[in-house]
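Read off the chains here:
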Amino acid sequence: DAKTTQPTSMDCAEGRAANLPCNHSTISGNEYVYWYRQIHSQGPQYIIHGLKNNETNEMASLIITEDRKSSTLILPHATLRDTAVYYCIALLQGNQGGKLIFGQGTELSVKP
Amino acid sequence: GAVVSQHPSRVICKSGTSVKIECRSLDFQATTMFWYRQFPKKSLMLMATSNEGSKATYEQGVEKDKFLINHASLTLSTLTVTSAHPEDSSFYICSAIIPVGEQFFGPGTRLTVL
């Protein structure tokens with residue numbers, strides 16, 4: 001599975017959009033981009049995933065560049081409860097729900 | 001989403017004792033479950049893949065005789081930390097795959113070995 005790189009930490013004002021970048025320059029054509037988040041002392045929570053089209057659900061939007069070398073997770077109206085570590089993971093198609101290799105993630109702090 | 005539970009949520013034990021942690025899929029059957037551990041301020045590290053009815057597959061560097069995994073049914077996997085030592089103190093998290101392939105995580109178990 002491709003390696004991903006994310007900024008170590010980010011701040012966001014409550015009510016504003018939080019844009020979390022992820023680089024995956026070695027991603028292969030059949031690897032999906034998955035996003036999970038982990039609130040302190042809890043298990044990770046699935047957010048969204050995509051292959052090449054932009055995706056949106058009730059939690060977030062995922063924007064994937066045309067060359068698929070990077071993506072951005074967007075939380076449109078961040079709240080204090082969105083403070084968490086966000087993980088971007090590249091996962092091989094056919095291995096969905098397979099072994100997730102977590103990097104260091106981005107620690108997002110939403111401030112009042 | 002699907003619900004995965006863990007029991008206990010936290011446990012304190014004496015050095016040298018064994019501790020069993022249960023991971024259950026509450027509303028679905030899971031042929032595959034995973035076990036992770038997480039040290040403070042660190043990311044999750046995959047320990048092993050638990051397959052129902054067969055032996056677990058351990059990641060490199062994880063001692064299979066120390067971390068015993070049993071997946072006796074489609075809704076239950078157990079992790080037993082044998083002869084626990086203080087360095088085994090960690091946050092242990094399981095996950096389970098639903099039939100369509102998505103993976104859901106349990107709430108974690110905080111183990112403290114005195």
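Below is a summary of the structure that appears in this document. For clarity, every value in this text was computed on a predicted model and none was experimentally measured.

Our focus in this paragraph is the nonpolar core. A general feature of soluble globular proteins is that nonpolar side chains tend to end up buried together. In this structure, Val4(B), Trp35(B), Phe67(B), Leu79(B), Tyr92(B) and Leu111(B) are the most contacted members of the largest nonpolar core, which totals 25 residues. Only β2 (10-13), β3 (19-25), β4 (32-38), β5 (45-51), β7 (67-73), β8 (76-81), β9 (90-97) and β11 (109-113) of chain B provide two or more residues apiece to this core. Setting aside anything within four residues of it in sequence, one finds Val4(B) in contact with Cys23(B), Arg24(B), Phe28(B), Cys94(B), Ala96(B), Phe104(B), Phe105(B), Gly106(B) and Pro107(B). Ala2(A), Cys12(A), Leu62(A) and Val110(A) belong to the second largest nonpolar core, which has 22 residues in total.

Turning our eyes to something else, we now look at the interface of chain A and chain B. At the junction of the two partners, chain A supplies 18 residues and chain B supplies 18 residues. Summed over both partners, the interface of chain A with chain B comes to about 1400 Å²; 50% of that surface belongs to carbon and sulfur atoms. Counting across the interface, chain A meets chain B through 0 salt bridges. Counting the contacts that link chain A with chain B gives 4 residue pairs in polar contact (both at pLDDT 80 or more). Sort the elements by how many residues they give to the side of chain A that touches chain B and strand β3 (residues 31-38) of chain A lands first, with 3 residues. Here the side of chain A that touches chain B is built from residues that sort into 7 nonpolar, 10 polar and 1 charged.

What counts and what doesn't
- Residues numbered from 1 in each chain as written.
- Chains lettered and ligands numbered in written order.
- Predicted model: local features only at pLDDT ≥ 70, side-chain atom pairs only at ≥ 80, totals over all residues.
- Heavy atoms only, no water.
- Core = buried A, V, L, I, M, F, W, Y, C linked by side-chain atoms within 4.5 Å.
- Buried < 20%, exposed > 50% of the residue type's maximum accessible area, 1.4 Å probe, protein only.
- Helix = DSSP H or I, 4+ residues; strand = E, 2+ residues; numbered from the N terminus.
- Contact = heavy atoms within 4.5 Å.
- Buried area = accessible area lost by both parts, 1.4 Å probe.
- Salt bridge = Lys/Arg side-chain N within 4 Å of Asp/Glu carboxyl O.
- Polar contact = N/O pair within 3.5 Å; in protein donor to acceptor, adjacent residues only side chain to side chain.
- Nonpolar A, V, L, I, M, F, W, Y, C, P; charged D, E, K, R; others polar.

Such coordinate-based values are descriptive only and should not be taken to indicate function.
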